[in-house]
Structures are given as C-alpha cells and as structure tokens.
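Spelled out from the first residue to the last, the chains are:
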Amino acid sequence: MKWTLQGLFTVAFLGITAGVQMSDMGLQAISLSAIQKTFGVSDATLGALQGLAGVLVGSALAVPLARFADRFSRKRVLLCLILASTAMMVLSALAPNFPLFFIGRSAAGITEFAMVPLVYSMIPDLAPERHRVPANLAFAALMAAGASGGFYFGGALLSAGAALNPLGIEPWRNAFLLLSLAGAPLLLLGALAADPPRRMAASDFPPDTSLRSFLRQRRRAVAFFVGAAGCLVVAVQAFNQLISLALERKFEAAPGQIGHAMGIIVLTTTVGCLPVAGLLDRVLARRVGRAARPLIMGVCALAAAPAALLPATVGTLNHAFLAVGATLFATSTANALVPTMLQDLAPATLRARSFAIWSFVVSVFGASGPLLAGTLSDRVFDGRLTDAIICTAIPALMISAYCALRSYSQGQSTAPTQCRA
C-alpha cells in the first residue's frame, strides 16, 4: 500500500478538524472566571464542568456511533459529528443557566469520544504500515495545534466578543459563537475527504470475533493499558483544565495573559514532544519491539512527577509557566504513543469500538482529575487551586508509571518476534 494524494489530504483534514473542534476547551479554560461569575458556581462545580461535562453525553454516544462506524461509512459519521459539535457549541453560548450550559458542554464531548476514535480507526487504512506511527503523530500534531489555538487566541476571541456584541450578551458567550463559525468550512472540506475501505492485517482476529471475546483474550494487556493511560490522563486533565484559573488566582494575572502563554505552552509541548516520541520509538523498537511504547510512557510519567511539584513553589508567573511547560512536555511525550499502542492491541474489525471504549474509560479517569482538584481546593486547600492540582496529579503519575512498566515487562517476551516482523 502507498500514500495517495487524497489519503494525505484526509489525514491532514482529520487533524485540523479534531483540533478546531477541540479548541473550545481552551477557550473555556481561560473563560472559567467569567463563567463562574455569570452562573455563580463553586470551584468544585467548575471541576465537574471541566471533567464530567465531556463524559456524560459523549460517552453515551461514542460506543454505538463507533459500532455504526465499524460497519458503515466512517466519512458520513464524521460529517455528522462536525455538525453536531458545532450545534452544541452554539447551545453552550446561548444557555440561560448553568444546567443547560453543562448539558451543552457535555454534548460537545461527542467530538472527543466519537470523532477521535473514528479518526484513529481510519488512519491505519489510509497510511502504509511503515508510516502508521508518523501518521498518528502528524494527526496528533495538527490536533494539538488546533486545540492550543483555543488558549492562544482565546484572549482575542474574548476581545472580539466584547466589541462585536449585537445580542448584548457576555463576551465569553460571543467568543463561543465566533468559534462555532468554523463548522461551515469544515463541512465543505469534509466532502473532499476519503472514506477508505478497512484493511485487514494478518494478525487481526477473524471478522466475526466479538468485542467481548477480544477483551477476554487480552485482558491483562488491556488492564495495564487502561491503568497507564487512565491514570496519566488524571494528571494531564487536572493540569490542562484548571491550571489557567490556578495561575490567574495565584499571580493575579489577566485571563488574556494566561491564555496567550498557555497557548504557546500547549502547542510547543504537545507538538514538540511528537518527534521526540517518534525517535525514541524508532530507536528502542529495534531492541524491544512494541514493548518500547509502554517503556517510553512509564519513564516519561516518572519524569513528570518532580516537574509537577514546581508550580506551587515558584515565586513568579514566568517561572510557573516554565514548570507547567516541563510537566506538560513530559506527560505529552508519555501520551504520544497511546493511540499506536491501542492500534497494536485491537483488530481492524473492532478498532473504532475499541477506541470508543478506550476514550470512555480513560475519560472517566480524566474527569476525576479536575473534579478531584476542584473539590480539594474547596474543602482542603481553601481555594489554593495550584496545591490541589499537584496533590491530584502526582499520585496519578506514579500509578501510571507502574502500570506502563508492568506492560513493558509483559511485552518483552514478544519483542524479538515483533522486531523480526
């Protein structure tokens, strides 16, 4: 199998689409103080918003949508998801009360829970096998660039929302409406994307193998994978979703200033880690095969733990940004090869459903990150959100490293065979 021009375009389109659709989370993160003021909610409620809001509706729809995508046109499902995500962004912007706003943000979780699993099921059918890891990393880079734009341009969107206000609503609401306008060109470009046939590998299970049978046969590998990726995302989400508000409070900085810096940090760490992860995978795979991927995850999770301590101890905002950047770079490197690891585990006929279930399970872990940090801030740390984030992240990183290194130990026995293959 060789690359085609339409295949290259489709991978690029998938990355841009996922990034644009996820950029609303960055905008939401730097708008938390304004959202809190509008609705009069607590830190724990904001933690639930940042964590649980992406789980409820998205997780309920992800598995049935993925089952549909495993059997029918993935391109049509993708276009429907873009349309639905855009509509939910508009609903969030116009919600008159917090419960309706929460529902709108929950429904927008369709993007993370259904679109990303769908994409990772398509990439192995678009890319040649020897280019699968670079294609996964390129998609992740484009997605990260788009997602970081929500942070970086969030201040500009808030300013534009204040200046362009025909409806007479809060600037953060207008910013969400402006961002929702990106849905129209994405739908038009989506018509040019490929809808590839499913390519079966020799190692795949027979087409009639059930998901339950697959999970039963690979239960140890799946358990270690879920433990490593799930606990890692607890730490990542605690930082990503609440650190902007924490730094705003600790250093009395403007949301636009925080958002601009966080946009640069998120972009440089999530994109900059990808060539590092790819190089480590290429070098270590020559020695230990696919076991290199959990090894990289475990070592990077361990490295992130001391960096995660620093934001509470530094005395200036710039030093805090450096500490956050170091933490996110280590966790992003740990997380970079997770999609490839799941592609290694799952057969083609179950790939979209496997990714949907993975997204659900891992995001349940992720929802607990900001929820736990927000609750600790309210009940233990008296509003010191930075301390609460650290107390949430470090134990999760330790457990993630343990599970990843156990997965590495289990995979070493098959590494020579994989290297020869």
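Preceding this paragraph is the structure being described.
Below or above, wherever it landed, is the structure these notes cover. (Residues numbered from 1 in each chain as written. Predicted model: local features only at pLDDT ≥ 70, side-chain atom pairs only at ≥ 80, totals over all residues. Heavy atoms only, no water.)

**So, the overall build of the protein chain**
What counts here: In DSSP terms, a helix is any run of H or I states spanning at least four residues, a strand is any run of E spanning at least two, and both are numbered starting from the N terminus. Buried, partly exposed and exposed residues are distinguished by accessible area as a fraction of the type maximum, computed with a 1.4 Å probe on protein chains only: under 20%, between the cut-offs, and over 50%, respectively. When checking whether two residues touch, look at their non-hydrogen atoms; a contact exists if any pair is within 4.5 Å. Residue burial considers only the protein chains on display, and all accessible areas are found by Shrake-Rupley using a 1.4 Å probe. By the counting rule applied here, Lys and Arg register as positive and Asp and Glu as negative, while His and the ends of each chain are not counted. Taken as the charge location is NZ of Lys, CZ of Arg, CG of Asp or CD of Glu.
In terms of regular secondary structure, the protein chain is built from 20 helices and 0 strands. Here the C-alpha coordinates of the protein chain stretch approximately 60 × 45 × 35 Å along the principal axes. Within the protein chain, buried positions represent 58% of all 421 residues. Long-range contacts, defined as pairs at least 24 residues apart, comprise 84% of the intrachain contacts of the protein chain with a sequence gap of at least 6. For the protein chain, the computed accessible surface area is about 17,100 Å², with 67% contributed by carbon and sulfur atoms. Charge separation in the protein chain, taken as the distance between the mean sites of 31 positive and 17 negative side-chain charges, equals 11 Å.

**As for helix H15 (residues 292-309)**
Where we set the bar: One less than the number of residues in a helix, times 1.5 Å, gives the span that helix is expected to have.
Taking 1.5 Å of rise per residue, 18 residues should cover 26 Å, and H15 covers 27 Å from first to last C-alpha, within 8% of that figure. With 13 of its 18 residues buried, H15 lies for the most part within the structure.

**Some details on the nonpolar core**
How we decide: Take the buried Ala, Val, Leu, Ile, Met, Phe, Trp, Tyr and Cys residues and link them wherever side-chain atoms come within 4.5 Å; each set so joined is a nonpolar core.
Membership of the largest hydrophobic core comes to 120 residues, with the highest contact counts inside it found for Leu 247, Met 262 and Ile 389. Broken down by element, the residue count for this core peaks at 19 residues, all from helix H13 (residues 219-251). Dropping the residues within four chain positions of it, Ile 389 is found in contact with Ala 238, Phe 239, Leu 242, Ile 243, Ala 246 and Ala 373. Of all hydrophobic cores here, the second largest spans 5 residues; its members include Val 288, Ala 291, Leu 295 and Tyr 408.

**As for the packing of helix H2 (residues 32-39) against H13**
For the record, the criterion: To get an axis, a line is fitted to the C-alpha atoms, and for a helix only the part in contact is used. The angle between two axes follows their N-to-C directions and goes from 0 to 180 degrees. Orientation labels follow simple angle bins: below 35 degrees gives roughly parallel, above 145 gives roughly antiparallel, 65 to 115 gives roughly perpendicular, and whatever is left gives oblique. Three residue categories are used. Nonpolar comprises Ala, Val, Leu, Ile, Met, Phe, Trp, Tyr, Cys and Pro, charged comprises Asp, Glu, Lys and Arg, and polar comprises the others, including Gly.
For the pair H2 and H13, interaxial distance at closest approach is 10 Å and the crossing angle is 85 degrees. Classed by the angle they form, the pair H2 and H13 counts as roughly perpendicular. Residues Leu 32, Ser 33 and Gln 36 of H2 form the contact with H13, whose own contacting residues are Gln 241, Leu 242, Leu 245, Glu 248 and Arg 249. Counted by class, the contact of H2 with H13 contains 3 nonpolar, 3 polar and 2 charged residues.

**Topic: unusual backbone geometry**
Even without being a glycine, Glu 252 presents a positive backbone phi close to 50 degrees. Here Glu 252 is to be found in the loop between H13 and helix H14 (255-288). On the accessibility criterion, Glu 252 (73% relative accessible area) is exposed. For Asp 382, which is not glycine, the phi torsion reads 55 degrees and is therefore positive. Mapped onto the secondary structure, Asp 382 falls in the loop between helix H18 (351-379) and helix H19 (385-411). What makes Asp 382 exposed here is its relative accessible area of 68%.

**Side note on the packing of aromatic side chains**
Centre distance and the angle of the planes are the two values used to describe a pair of aromatic rings. Our working definition: In summary, the pairing rule links any two rings of Phe, Tyr or Trp, Trp by its six-membered ring, whose centres are within 6.5 Å, and it sorts them by plane angle into stacked for under 30 degrees, edge-to-face for over 60 and tilted for everything else.
Counting across every chain of the model gives 8 aromatic pairs. For the ring pair Phe 98 and Phe 101, a centre distance of 6.2 Å and an interplane angle of 40 degrees mean the geometry is tilted. Of the two residues, Phe 98 and Phe 101 both sit in helix H6 (residues 98-108), 3 residues apart, roughly one turn of that helix. Using a relative accessible area of 0% as the deciding quantity, one classes Phe 101 as buried. Consider the rings of Phe 101 and Trp 172, whose centres lie 5.4 Å apart with planes at 80 degrees: the pair is edge-to-face. A residue pair is termed long-range when its members are at least 10 positions apart, and Phe 101 in helix H6 and Trp 172 in helix H10 (residues 171-180) qualify at 71 residues. On the accessibility criterion, Trp 172 (2% relative accessible area) is buried.

**Here we look at the side chain of Asn 136**
The cut-off we apply is this: In protein, a polar contact means a hydrogen-donor-capable atom and an acceptor-capable atom, both N or O and within 3.5 Å, with residues adjacent in sequence counting only if both atoms are side-chain atoms; elsewhere, any N or O pair within 3.5 Å suffices.
Mapped onto the elements of the fold, Asn 136 is located in helix H8 (residues 132-152). Judged by its relative accessible area of 2%, Asn 136 is buried. Within the structure, the side chain of Asn 136 is placed 2.7 Å from the side chain of Gln 343, a separation counted as a polar contact.

**A few points about a nonpolar patch on the surface**
This is how it is decided: Only residues whose relative accessible area exceeds 30% and that take part in no salt bridge are eligible for patches, with like-charged residues grouped when within 9 Å of each other and nonpolar side chains (Val, Leu, Ile, Met, Phe, Trp, Tyr) grouped when within 5 Å. Should a side-chain nitrogen of Lys or Arg be within 4 Å of a carboxyl oxygen of Asp or Glu, the pair is scored as a salt bridge.
Together, Tyr 152, Phe 153 and Ile 264 line one region of the surface with nonpolar side chains, adding up to about 280 Å² of accessible area. Here Phe 153 is to be found in the loop between H8 and helix H9 (154-163). With relative accessibility at 49%, the residue Phe 153 sits in the partly exposed group.

**Overview of the pattern of salt bridges**
Under the counting rule described, the total for this entry stands at 9 salt bridges. Note that Asp 43 and Arg 249 form a salt bridge whose closest N and O atoms lie 2.3 Å from each other. Taken together, the residues Asp 43 in helix H3 (residues 43-51) and Arg 249 in helix H13 connect sequence positions 206 residues apart. For Arg 249, a relative accessible area of 33% gives the class partly exposed.

**Some remarks on H14**
Our working rule: To obtain the bend at a residue, axes are fitted to the seven residues ending there and to the seven starting there, and the angle between these axes is taken.
With 34 residues, H14 should reach 50 Å at 1.5 Å per residue; the first-to-last C-alpha distance of 46 Å fits that figure. Considering bend angle alone, the principal kink of H14 is centred on Leu 274 and spans about 25 degrees; proline Pro 275 follows within four residues of it. Gly 289 sits one or two positions beyond H14 and adopts a positive phi of about 65 degrees.

Function cannot be read off these values alone, since they describe shape.
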